[in-house]
Amino acid sequence: MLRLACCTALLFVLRLLLGLPWYQVLPATLIFYLGSGGWSFLQIFAKTIGRDLHAAGVLLQVKMNVRRHLKEKNTIPKIFAETVRRYGDKTALIFEGTGETEKWTFNQLDQYSNRVANMLLQRGFQDGDVVALFMENRNQYVGLWLGMAKIGVEAALINFNLRMEALVHCVNISNAKAVVFGSELTEALCEIHGSIANDVQLFCSGDWDAKQVPQGTECLEPLVDASPTHLPSRPDRCFTDRLFYIYTSGTTGMPKAAIVVHSRYYRMAALVYYGFGMKPEDVMYDCLPLYHSAGNIVGMGQCLLHGMSVVIRKKFSASRFWDDCVKHNCTIIQYIGELCRYLLNQPVRDTERQHRVRMALGNGLRLSIWEEFRNRFNVRKIAEFYGATECNCSLGNFDNKTGACGFNSRILPNLYPIRLVRVDEETMELIRDPDGVCIPCNPGEPGQLVGRIVQNDPLRRFDGYVNQSATSKKISESVFKKGDTAYLSGDVLIMDECGYMYFKDRTGDTFRWKGENVSTTEVEGTLSRLLDMKDVVVYGVEVPGAEGKAGMAAIADPTHSSDLEKFVKDMEKALPPYARPVFLRFLPEVKQTGTFKFQKTEMRNEGFDPSTVADRLYFLDPSRGRYVELDAELHCRIASGKQKL
């Protein structure tokens, strides 16, 4: 009875918060009561009720705001106009590049974006056109796409690290009518000029030489400066229309252009803002690339939507990171991928504890360095979240739980329609019950994260990619129930008894060896720690005649300083036998995306053949218990099955 009373009380509160009718609340109460388990439920209830109520309040607030914006046919530029009205003379953007610090107020950002909008209108651009933006971080980057959005022009935000074929691909699939590029990328643009359409207009921003840029290129700054600062007439756009395109990192194959609509931009930024308790007076340190959703939505969205000052770094600098935070009184820092490990690898300095940073916001902080990062740099709150530009199943670790990337309520699991579902351990395909519906995972059981798609709900919709085929691959039917559709995240997570979610691996990165599943993410974190925070990439390679895939670790060690005998001894203590890499590959550096994700596809395809791999290769000889150099003769013995693994 106590369990029923607790459950009923919570449901009554949620009914008030979410406006649910009693006839929906009562069945849910009975079902949960019958399905819950005695004292274990009471323990979970006591531990998670505060967390779940906070999350329910955040969802309610964002949902109500979204409904209002839908009704008023608002867009991101319209919401920004309200921010300007409230914070006009406050500093909006602070740029730290190679020269002097550049500061813009909200009024200045608004006026610059108006000039951009008017300039494009004068040049004949109109609602629905696409303009590619190819430049490094700077204040103008924000003003450019914002100005485009004010007249309904959609920006294609292209990774400034791309070159040749990949760059051509990104420009062409967006159907861009123009490319605005930074002068620092002139050479890259010249390389592909002949591969893009002749009628694509080119605008160069920054210091440039007319003799070096492609013929017909115009200098952007004089055009913008000569344009009026008044707000041009707005097109009849609404909250669910397209805002811009963000490309996937391209760790496998060519990048895909994910569609970002105005409501998605708002939802991603607002859930972070309210969920982690941010305030307009916070100062965000954003050293992430602005072509990526973490930097341009999660970070920059706090400026445009909520009036927060944001420090933009041209590029991430581990040596300047804490100096910048102290200089600008930053209270929130952003991280992604391996960034935190790079900071830990820096020499200890005074500024790393003289800052005012209270929160680190991001995703991809490895559990193996979580506490070390928090303690060394005295950052009280790790605001880890899970999400992707296109996904509809974002998570947030709102209550600072070590190692978690978010949670789902165990009290009311259906309140937020996400789920971990079982997958085949070898093929990673979804496992279904006799009715054809996916099977939910139990606590402690790894599974793929999925989110139910409801297209008429801005919080649940999936906008997909420009390429319809790529969109279809991310959707599956009959996941939660017969006939529904759900977004497939492609990520394997694991949930504990209290509903906390922990990232395990990307689908396809987990490989099977000696009858066990090996998580590349976990092994990478362990090996990097053993090797003094060197870059380590782990993947499985096929060995003729062997079942599964043998582990291989690519280690960035240009000075050849790794002590392999010590490494083996340390590894034996830290990893089970099946998780220890059979092969090692030492190389000068590991290729990364612009968001600090390792690119392993090419190395996985190259395997362990010394005739095709120029880097040093080693094999873990089980008879000697140590790594030996892998030459052509040893490779032949392994491939023929004469050498035991």
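This report concerns the structure included in the present document. This one's a predicted model, so the numbers in the text were calculated from it and none came from an experiment. (Residues numbered from 1 in each chain as written. Predicted model: local features only at pLDDT ≥ 70, side-chain atom pairs only at ≥ 80, totals over all residues. Heavy atoms only, no water.)

**Considering the state of the cysteines**
Considering all chains together, one arrives at 0 disulfides under this definition. We note that Cys393 lacks a disulfide partner, and the nearest cysteine sulfur, in Cys391, lies 4.4 Å from it. (Disulfide = S-S within 2.5 Å.)

**Overview of the side chain of Glu384**
With respect to the helices and strands, the residue Glu384 is situated in strand β14 (residues 381-386). Here Glu384 sits buried without a salt bridge, and the closest side chain of opposite charge, Arg366, lies 10 Å off (N-O distance). A polar atom in the side chain of Glu384 sits 2.3 Å from the side chain of Tyr335. A polar contact of 2.8 Å, which involves the side chain of Glu384, links it to the backbone nitrogen of Gly364. Residues in contact with Glu384, not counting those within four places in the same chain, are Phe276, Tyr335, Gly362, Asn363, Gly364, Leu365, Trp370, Gly396, Asn397, Ala404 and Cys405. (Helix = DSSP H or I, 4+ residues; strand = E, 2+ residues; numbered from the N terminus. Buried < 20%, exposed > 50% of the residue type's maximum accessible area, 1.4 Å probe, protein only. Lys, Arg positive; Asp, Glu negative; His and termini not counted. Salt bridge = Lys/Arg side-chain N within 4 Å of Asp/Glu carboxyl O. Polar contact = N/O pair within 3.5 Å; in protein donor to acceptor, adjacent residues only side chain to side chain. Contact = heavy atoms within 4.5 Å.)

**Focus on the side chain of Arg460**
Locating Arg460 in the fold gives a position in the loop between β18 (447-452) and α15 (468-473). Polar contacts involving the side chain of Arg460 include one to the main-chain carbonyl oxygen of Arg452, which spans 3.5 Å. Discounting residues that sit within four places of it in the chain, Arg460 has contacts with Asn392, Cys393, Tyr416, Pro417, Ile418, Arg452, Ile453 and Val454.

**With respect to the sheet that holds strand β10 (residues 283-286)**
Taken in spatial order, the 8 strands of this open sheet run β2-β1-β11-β10-β12-β13-β14-β15, and their pairing is mixed. Only two strands of the sheet have a single partner each, and these edge strands are β2 (102-105) and β15 (395-396). When strand β12 (residues 332-336) meets strand β13 (residues 359-363), the two strands line up parallel, connected through 5 bridges. Within β13, the position partnered with Gln334 by the bridge is Leu361. Where helix α5 (residues 106-122) meets the sheet, it contacts β1 (91-96) and β2, and its direction lies at approximately 85° from that of β2. (Pairing = 2+ DSSP bridges. Axes fitted to C-alpha atoms, helices over the stretch in contact; angles between N-to-C directions.)

**Brief notes about the environment of Val272**
Relative to the helices and strands, Val272 resides in helix α10 (residues 262-275). Exposure remark for Val272: the relative accessible area of 7% places this residue in the buried category. Taking the C-alpha atoms as reference points, Val272 and Gly299, 27 residues apart in sequence, are found 9.4 Å from one another. Every residue in contact with Val272, bar those within four places of it in the chain, is listed here: Met278, Val298, Gln302 and Leu361.

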